[in-house]
Amino acid sequence: MLNYVLKRILQAIPVFIGSTLLIYALVFLMPGDPVRALFGDKPVSEATLTIIRTQYHLNEPFIIQYLYFLKGLFTFDLGVTFAGREIIDVIASVFPNTLMLGTLAFVFEVIIGVGLGIFVGLKRGSFADSFTMVSSLVLVSIPPLVLGYALQFLFGIQLKVLPVTVGTHMDFLHLLMPSFVLATVSIATIIRLTRASISDVRGADFVRTARAKGISEGLVIRRHIFRNSMIPVITYLGIDLVALFSGAILTEQIFNIQGVGNTLYKYILIGEAPAVVTIATLFLILYIVSNIVIDCLYAALDPRIRYGKEVA
Amino acid sequence: MTNTISAEHFVAPFNEDEDVITVDALDETAKSLGFWGEAWARLKRNPLFYIPTAFLIVLLVAVFFPSIFTAIDPTYCAITDSSLPVGAPGHLLGTTTQGCDVFSRLVYGAQPSLQIGIIVTLLGAFFGVIIGTVAGYMGGILDAILTRLIEIFISLPSMLSFIVFLQMMKGVPGVFKLIFIFSVFGWMSIARLMRANVMAAKNQEFVTSAKALGLSNFGRMFQHVLPNSIAPVIAVATMNVGAWIVLEASISYLGLGLGGNSASWGMDISNATNTMIVAPGMLFFPCLVLVLTSLTFILLGDALQDAIDPKARR
């Protein structure tokens, strides 16, 4: 097991370097001169520009800039935006909003996705099964863009039962629509995954043995089928949770939520490179680390993974 | 001597004094269908294959011959005809706030959407299949490097990368820019799938026998392993077409896509959101077309999946 963990960590190092370097290159190669843009139309002396550029290491070669950035990251100094705001403050002010949205979306995913998946997995071949399978396809083909406006129009404007946009009201009622929209992206996948996993386990020998021993059907489902079929589902949900917490540009834009996604989008448009790179990298690290944790968890729960070569 | 041996099934007669009669002569000379033939036969039996196919044909006609559906130029907008309702004379689905014909914009919007969806999918599938096959078949250090490359691209937040890329390439015309950017990030899922399939296929007997017959490593990889691993990719790629079309609409909605006055479903949705309350129809129709198009490719991919791997469903 320890070998497996070490291997996963070693494998993550090139991925970390490669992806951060790529993000860094992408963002810093964006056109425009953000430092000059700070002053708008006002005249500014070359000396002032040079001082600011030195402050942000902008006159160094690209790779040195990247190393400065990594150094800042590892010494927990996230730096400041071009506008002079501490990046850590920016994150502290918008991340809670994304966290709330993501958590609520996650609840939807678990209740609807896993719940329906278990239900139809146990009733495979029934009408409810076919109906759920087809409607999950329909649901997944409605893009967040369309679903968002459809719900806004129906519940917000026509029926007037839910607030149309969120703005600064971060409460359950306001977040209901956006979190559902966010959740629909993965609900169909979760239903299918859960259903497949449940019906795989349902046909396993140990389930038949449990029934042969005379255990009640409810207990067979709870103890034998449910526990053994949840491993792949939990793995998927884990990775998805991180994705939810990384901010959703589109959903936050449609419902006007001041979260990570919206902030990143705004910063990209105005060329706030330091903030974009730092926030994106933080979530990248979160993604890579949680992937390792989930892989190791998976390997601990299912020893076949460790002894087999590598899961694709 | 002919080799047309026909196995016959015999049925015992009711009366003992009658001869046995043959039924259902088995023709052993009939050509076997093969993997793709059987998949096609299963596909033909699936009603859920015909519905999306019919809609896809309509879409393709709209892409190549948009003038069949409408005589109105989608970029011709007369402000005097602003915000006409559905069914207004000369404008089947009404007009936008700028006075453009909604129906005409829907028809002409099919072209960039399908161009982007199909070309990006083909490019992504091409690179994904090659990278996945090489990684899965060669193994060792090459596999380790390619797998890390896949992981690097997957771990990048995709929407963010698209937006940053689009900011960088502001001057390049819309469709090419989007095709390029989507393709850069569009190959990883296929590569992963292909790699797993190739790893499962490369140790099968037919590959070993090809080796025994003296076929080169390269020949085995592309003549035997690749064709035997590619089937699931086709279903996934079909579903991807819809996903890229939706992404194009989303990007255009954010104002970073096709731009200008070009007909694009995403742009139309974006423009219509401001007048959602007074003119919901303007928002409804592009949304409907986008959902139907996305559903078409998902249903088509699902039907292909069933045809290729019928066991997975049951």
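Above this text is the structure in question.
Quick caveat, the model's predicted, so the values are computed rather than measured.

J.: Residue-level account of the overall build of chain A, with values.
T.: Each helix and strand counted, chain A has 14 helices and 0 strands in total. Starting at the N terminus, the α and β elements of chain A follow one another as α-α-α-α-α-α-α-α-α-α-α-α-α-α. The principal-axis extent of the C-alpha atoms belonging to chain A is close to 85 × 60 × 25 Å. Within chain A, buried positions represent 45% of all 312 residues. Partitioning the intrachain contacts of chain A with sequence separation of at least 6 by distance along the chain shows that 73% fall at a separation of at least 24. Accessible surface for chain A amounts to roughly 15,200 Å². Of this, 68% is attributable to carbon and sulfur atoms.

J.: Just give me the short version of the overall build of chain B, but keep the residues and values in it.
T.: Within chain B one finds 13 helices and 2 strands. Taking all 314 residues of chain B together, the buried fraction comes to 49%. In chain B, 65% of the contacts between residues at least 6 apart in sequence involve partners at least 24 apart. Only carbon and sulfur atoms are counted for the fraction: they give 66% of the accessible area of chain B, which is about 15,700 Å².

J.: Just give me the short version of the pattern of salt bridges, but keep the residues and values in it.
T.: Pairing is possible between side chains of opposite charge, provided their charged atoms come close. Counted according to the given criterion, the structure contains 8 salt bridges over all chains. A:R195 is the partner of A:D129 in a salt bridge, and the nearest nitrogen-oxygen pair spans 2.7 Å. Here A:D129, found in helix α6 (residues 127-140), pairs with A:R195, found in helix α8 (residues 172-202); they are 66 residues apart in sequence, far enough to count as distant. Across the pair, exposure class does not vary: A:D129 and A:R195 are buried alike. B:E151 is paired through a salt bridge with B:R148; the nearest N and O atoms lie 3.2 Å apart. Of this pair, B:E151 and B:R148 both sit in helix α4 (residues 140-155), separated by 3 residues, roughly a single helical turn. Each member of the pair B:E151 and B:R148 is classed as buried.

J.: Tell me about the state of the cysteines, and name the residues and values.
T.: Tallying each qualifying case throughout the model produces 0 disulfides over all chains. Summary of cysteine pairing: B:C287 is not part of a disulfide, and the nearest cysteine sulfur, belonging to B:C100, is at 17 Å.

J.: Before we move on, can you summarise the interface of chain A and chain B with the specific residues and values?
T.: At the junction of the two partners, chain A supplies 42 residues and chain B supplies 41 residues. Counting the surface lost from both chain A and chain B, the interface buries some 3,800 Å², and carbon and sulfur atoms represent 78% of this. Three residues stand out in chain A for area buried against chain B, namely A:L26, A:L145 and A:Y149, and they jointly supply 15% of the buried area on that side. Counting the contacts that link chain A with chain B gives 1 salt bridge. The interface formed by chain A and chain B contains 3 residue pairs in polar contact (both at pLDDT 80 or more). Looking at the side of chain A that touches chain B, the elements with two or more residues in it are α1 (2-28), α6, α7 (144-158), α8, α11 (249-254), α12 (260-270) and α13 (273-301) of chain A. Top element by residues in the side of chain A that touches chain B is α1(A). It accounts for 9 residues.

J.: Describe the packing of aromatic side chains, naming the residues involved and giving the relevant values.
T.: Taken as a whole and judged by the stated rule, the model has 21 aromatic pairs over all chains. Between A:F95 and A:F283, the ring centres sit 5.8 Å apart and the planes meet at 45°, which makes this aromatic pair tilted. Highlighted residues: A:F95 in helix α5 (residues 87-122) and A:F283 in helix α13, separated in sequence by 188 residues. Residue A:F283 is classed as buried on the basis of its relative accessible area, which comes to 11%. Between A:Y149 and B:Y253, the ring centres sit 5.9 Å apart and the planes meet at 70°, which makes this aromatic pair edge-to-face. With A:Y149 in helix α7 and B:Y253 in helix α10 (residues 231-253), this pair bridges two chains. Every member of this aromatic cluster is reached through a ring pair, and the members are B:F153, B:F162, B:F165, B:F180, B:F182, B:F185, B:W187 and B:W244.

About the cut-offs
- Residues numbered from 1 in each chain as written.
- Chains lettered and ligands numbered in written order.
- Predicted model: local features only at pLDDT ≥ 70, side-chain atom pairs only at ≥ 80, totals over all residues.
- Heavy atoms only, no water.
- Helix = DSSP H or I, 4+ residues; strand = E, 2+ residues; numbered from the N terminus.
- Buried < 20%, exposed > 50% of the residue type's maximum accessible area, 1.4 Å probe, protein only.
- Contact = heavy atoms within 4.5 Å.
- Areas by Shrake-Rupley, 256 points an atom, 1.4 Å probe, with all protein chains shown as cover.
- Salt bridge = Lys/Arg side-chain N within 4 Å of Asp/Glu carboxyl O.
- Disulfide = S-S within 2.5 Å.
- Buried area = accessible area lost by both parts, 1.4 Å probe.
- Polar contact = N/O pair within 3.5 Å; in protein donor to acceptor, adjacent residues only side chain to side chain.
- Phe/Tyr/Trp six-rings, centres within 6.5 Å; stacked < 30°, edge-to-face > 60°.

Read these as layout, nothing more, since geometry by itself doesn't imply function.
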